Amino acid sequence: TLEDVNLITTPGVEDGYLLSNINYDLAIAVLSYSIFGIISKQNHILPHNVPEVDAFRYVITYFFRGVATDKGIKLIDEYTNKIQNKLKTNSEEER
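This text gives an overview of the structure that appears in the document.

Calculation criteria
Starting from 1, residues in each chain are numbered consecutively following that chain's sequence as written. Residue-level local features of this predicted model are given only where pLDDT is at least 70; pairs of side-chain atoms are given and counted only at 80 or more, and the full residue set underlies all totals for whole chains, interfaces and linings. Water and hydrogen atoms play no part in the side-chain values, which are based on all heavy atoms of the structure. Each reported salt bridge corresponds to a side-chain nitrogen of Lys or Arg within 4 Å of a carboxyl oxygen of Asp or Glu. Per the convention used, a helix needs a DSSP run of H or I reaching at least four residues, while a strand needs a run of E reaching at least two, with both numbered from the N terminus. Note on classification: 1.4 Å probe, protein chains only; a residue is buried when its accessible area is under 20% of the maximum for its type, exposed when over 50%, partly exposed between these limits. To form a nonpolar core, buried Ala, Val, Leu, Ile, Met, Phe, Trp, Tyr and Cys residues must be joined to one another through side-chain atoms within 4.5 Å. The contact criterion used is simple: two residues touch if any of their non-hydrogen atoms lie within 4.5 Å. Axis definition: a line fitted to C-alpha atoms, over the contacting stretch in the case of helices. Angles run 0 to 180 degrees between N-to-C directions. By definition in this entry, angles of less than 35 degrees are roughly parallel, angles greater than 145 are roughly antiparallel, angles of 65 to 115 are roughly perpendicular, and the rest are oblique. When the near helix sits turned anticlockwise from the far one by under a right angle, the crossing is termed left-handed; a clockwise turn instead gives a right-handed crossing. Put simply, Ala, Val, Leu, Ile, Met, Phe, Trp, Tyr, Cys and Pro go in the nonpolar bin, Asp, Glu, Lys and Arg in the charged bin, and everything else, Gly too, in the polar bin. Each Phe, Tyr or Trp ring (for Trp, its six-membered ring) is paired with any other whose centre lies within 6.5 Å, and the angle between the two planes then decides the class: stacked below 30 degrees, edge-to-face above 60, tilted in between. For a ring to carry a charge above it, either NZ of a lysine or CZ of an arginine must fall within 6 Å of the ring centroid while also lying within 35 degrees of the normal to the ring plane. Any helix carries an expected span of 1.5 Å times its number of residues minus one.

What follows is about the pattern of salt bridges. Inspection of every chain in the model, using the stated rule, returns 2 salt bridges. A salt bridge links Asp 54 to Arg 57, with the shortest nitrogen-to-oxygen separation between them at 3.2 Å. With Asp 54 and Arg 57 both in helix α4 (residues 52–67) and 3 residues apart, the pair spans about one turn of that helix. Arg 57 sits in the partly exposed class, given a relative accessible area of 35%. The partner of Arg 65 in a salt bridge is Asp 77, and the shortest N-O contact between them spans 2.9 Å. Residue Arg 65 is located in helix α4, and its partner Asp 77 is located in helix α5 (residues 70–94); the two are separated by 12 residues in the primary sequence.

This is the structure in structure tokens:
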């Protein structure tokens, strides 16, 4: 709902992490449509051997980078690097 979107985006804009000139209702609708497409039609839209979780992570990450300020992008990049390092460490430990 509109209230749910505002609960997330308003503090992000006020704190300087999200751009203020974005129609977040529309942006979240497009994001939702993209995620729905990945989930419901993964065999038709995803390249061969791309796991659904990787596509989902990619869409979410680059969506938020697209609506983020420089301050927000820095935070997103720090978080994604942390996650990638953790996944790499876990993968190496499994070997």
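One broad rule of soluble globular proteins: the nonpolar side chains tend to lie buried together. In this structure, Val 5, Leu 18, Tyr 24, Ala 27, Leu 31, Ile 35, Phe 63 and Val 67 together form the largest nonpolar core, which totals 8 residues. In this structure Ile 35 touches Phe 56, Val 59 and Ile 60, once residues within four positions along its chain are discounted.

Once that is clear, we can look at the packing of helix α2 (residues 24–40) against α4. Where α2 meets α4, the closest approach of the two axes is 10 Å, and the angle between their N-to-C directions is 165°. Regarding the angle of α2 to α4, the classification is roughly antiparallel. The chirality of how α2 crosses α4 is right-handed. Counting all contacts with α2, which are made through Tyr 24, Ala 27, Ile 28, Leu 31, Ser 34, Ile 35, Ile 38 and Ile 39, the residues of α4 involved are Glu 52, Ala 55, Phe 56, Val 59, Ile 60, Phe 63 and Val 67. A per-class count over the contact of α2 with α4 returns 13 nonpolar, 1 polar and 1 charged.

The next thing to look at is the packing of aromatic side chains. Using the criterion set out here, one finds 2 aromatic pairs in the structure. When the centroid spacing of 4.9 Å and the interplanar angle of 85° are considered together, the rings of Phe 63 and Phe 64 count as edge-to-face. Note on Phe 63: relative accessible area 16%, which makes it buried. Just above the ring of Tyr 17 sits the side chain of Lys 71; from NZ or CZ to the centre is 4.6 Å.

Right, let's talk about α4 for a bit. Between its first and last C-alpha, α4 extends 23 Å over 16 residues, near the 22 Å set by a 1.5 Å rise per residue. Listing the buried residues of α4 in full gives Ala 55, Thr 61, Phe 63 and Val 67. Along its buried surface, α4 packs onto α2 and α5.

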